[in-house]
Amino acid sequence: MNTAGHSEATARRGLELTPFRGLRYDPDRVGSLASVTSPPYDVVVRPDGLHHLQSADPHNIVRLILPQAGTPDARNQQAADTLRRWLAEGVLAPDPYPALYVYEQRDGGGMLQRGVIGALRVSAPDEGVVLPHEDVMPPVVADRAALMRATRANLEPLLLTYHGDGTAAEVVERTVVRPPLLATTTEDGFHHRLWSVTDPADLAGIQSDLAQHQALIADGHHRWATYLRLRAEHPSPSPWDHGLVLLVDTARYPLRVRAIHRLLHGMPVGAALAALTGLFRVRRLDVPLPKAQEVLADAACAGNAFLLAGDGAFHLVDRPDPALLDRTIPSDRPAAWRSLDATVLHATLLEHVWHVPEDSPAHIAYIHDTAATVAKAEQDGSTAVLLHPVREDVVRELARQGVKMPRKSTSFGPKPASGLVLRALEI
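Here the structure is a predicted model, which means the values were calculated and not measured.

Conventions used here
- Residues numbered from 1 in each chain as written.
- Predicted model: local features only at pLDDT ≥ 70, side-chain atom pairs only at ≥ 80, totals over all residues.
- Heavy atoms only, no water.
- Helix = DSSP H or I, 4+ residues; strand = E, 2+ residues; numbered from the N terminus.
- Polar contact = N/O pair within 3.5 Å; in protein donor to acceptor, adjacent residues only side chain to side chain.
- Buried < 20%, exposed > 50% of the residue type's maximum accessible area, 1.4 Å probe, protein only.
- Pairing = 2+ DSSP bridges.
- Axes fitted to C-alpha atoms, helices over the stretch in contact; angles between N-to-C directions.
- Contact = heavy atoms within 4.5 Å.
- Arc of directions from axis to C-beta.

### Remarks on the side chain of Ser382
Moving on, step 1. Along the polypeptide, Ser382 turns up in the loop between α15 (370–380) and β19 (383–386).
Moving on, step 2. Looking at Ser382, its side chain comes within polar contact range of the main-chain nitrogen of Gly266, at 3.4 Å.

Listed below in structure tokens is the structure:
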């Protein structure tokens, strides 16, 4: 057994995944299943992306995960009222029996991902069962918690990964040869299929296998922190003891790891570059985005490197002054953490060079799509900071050590579509 597998197998208490009665759209009551789905709430690019989804279908899931009203309380109440109305009208209906759900995503480029959706026991951080790798922003956790309290539902699954290749994977492969509960293709070109697993032997096999493992949070740190907060608020046992997740076995289905980029509002590229004089090497690249990303990838192999954009060109920023790093990066962390591009970006560039508060939406935005980040910077006269992705093995090893990366350091994918299966706590 490899080191990762050994560490997972020796966790005091492993993953506990429970069947639940999934809440799903009735295909006869909506325009199409594709038109009611959405990316996860934090990937929806507002406002254009939100408006597009709202107009796709009056029952699009975005009306629950990103309700629109004048105040936070009004937004949450609106989501709760909408969910109750859709249940009363039969737009959403619970499946007849508790189940685990096998979920498949496939694109036209050969990407295939399969996993199991279920209600996972929410475990304390010191149990070492679910490993976060990023810090969270408390206001976002408070926002998600208020929404879940109001709706009394888990509206979209988190994405967790584990390394198993055992009985659970075998059940998944047996299940996908059957006709699915649903199949749809979303406008991003991904094909989605969902199956229910209700056979007692299959359920027991999945649960027994997962009980030997721990999982890494690939996407959904704020929602996991929300699950922890809500569990602490309600005496056990309660429905809040569990939260909705998708578990993907990366021994069978490795995820793609991408960077999350930064948009510095109100900071022109010229000003950002001027502040780097004598601190980093800066080179202008008059090349298209794909070529600039190749140059960034090469530079990132040798050390910390970033691309700045927003003025019609790309600027490679690399070779930081070692004395600057010694002065600005905390020394009480592992070397792997101190050398991360995201660490240098936040501790050195944002805090000490550019003086940009990392948790202020008025000053900084976090955007997953590279081209969209560049376009927005050029449109607004702002600065886009593009990062090279971190390897999954680095993320996982830091998480095992209990060391968290800077917030919004990675984007694992493909992410599960929101709206294919929900969990209502009272059903």
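This is not the end of the story, as more comes after the structure.
### Quick notes on the pairing of strand β18 (residues 364–367)
Moving on, step 1. Side chains of β18 alternate between two faces, with Ile364 and Tyr366 and Ala365 and Ile367 buried alike.
Moving on, step 2. Two strands pair when backbone bridges link them, and strand β14 (residues 261–264) and β18 are joined in this way by 4 bridges, in the antiparallel orientation. Bridging across to β18, Leu264 finds its partner in Ile364.

### Some words on the sheet that holds β18
Moving on, step 1. If you walk across this open sheet you meet the 6 strands as β15-β17-β16-β19-β14-β18, and the pairing is antiparallel. At either margin of the open sheet sits one strand with a lone partner, and together these are β15 (281–285) and β18. Adjacent strand axes in the sheet meet at a mean angle of 25° when their direction is disregarded.
Moving on, step 2. Across 5 bridges, the pairing between strand β16 (residues 305–309) and strand β17 (residues 314–318) is antiparallel. Across the sheet, the residue bridging to Ala305 is Asp318, located in β17.
Moving on, step 3. Contacts from helix α14 (residues 341–353) reach β14, β16, β18 and β19 within the one sheet, and its direction differs from that of β16 by about 60°.
Moving on, step 4. Where α15 meets the sheet, its contacts fall on β14, β16, β17, β18 and β19, and the angle it forms with β19 comes to roughly 160°.

### Focus on helix α7 (residues 167–175)
Moving on, step 1. Among all positions in α7, only Ala168, Ala169, Val171, Val172 and Thr175 are buried. For α7, the buried positions fall inside an angular range of 160° around the axis, keeping them on one side.
Moving on, step 2. If you follow the buried residues of α7, they end up packed against β4 (100–106), β5 (112–121), β8 (158–162), β10 (191–197), α8 (200–210) and β12 (242–249).

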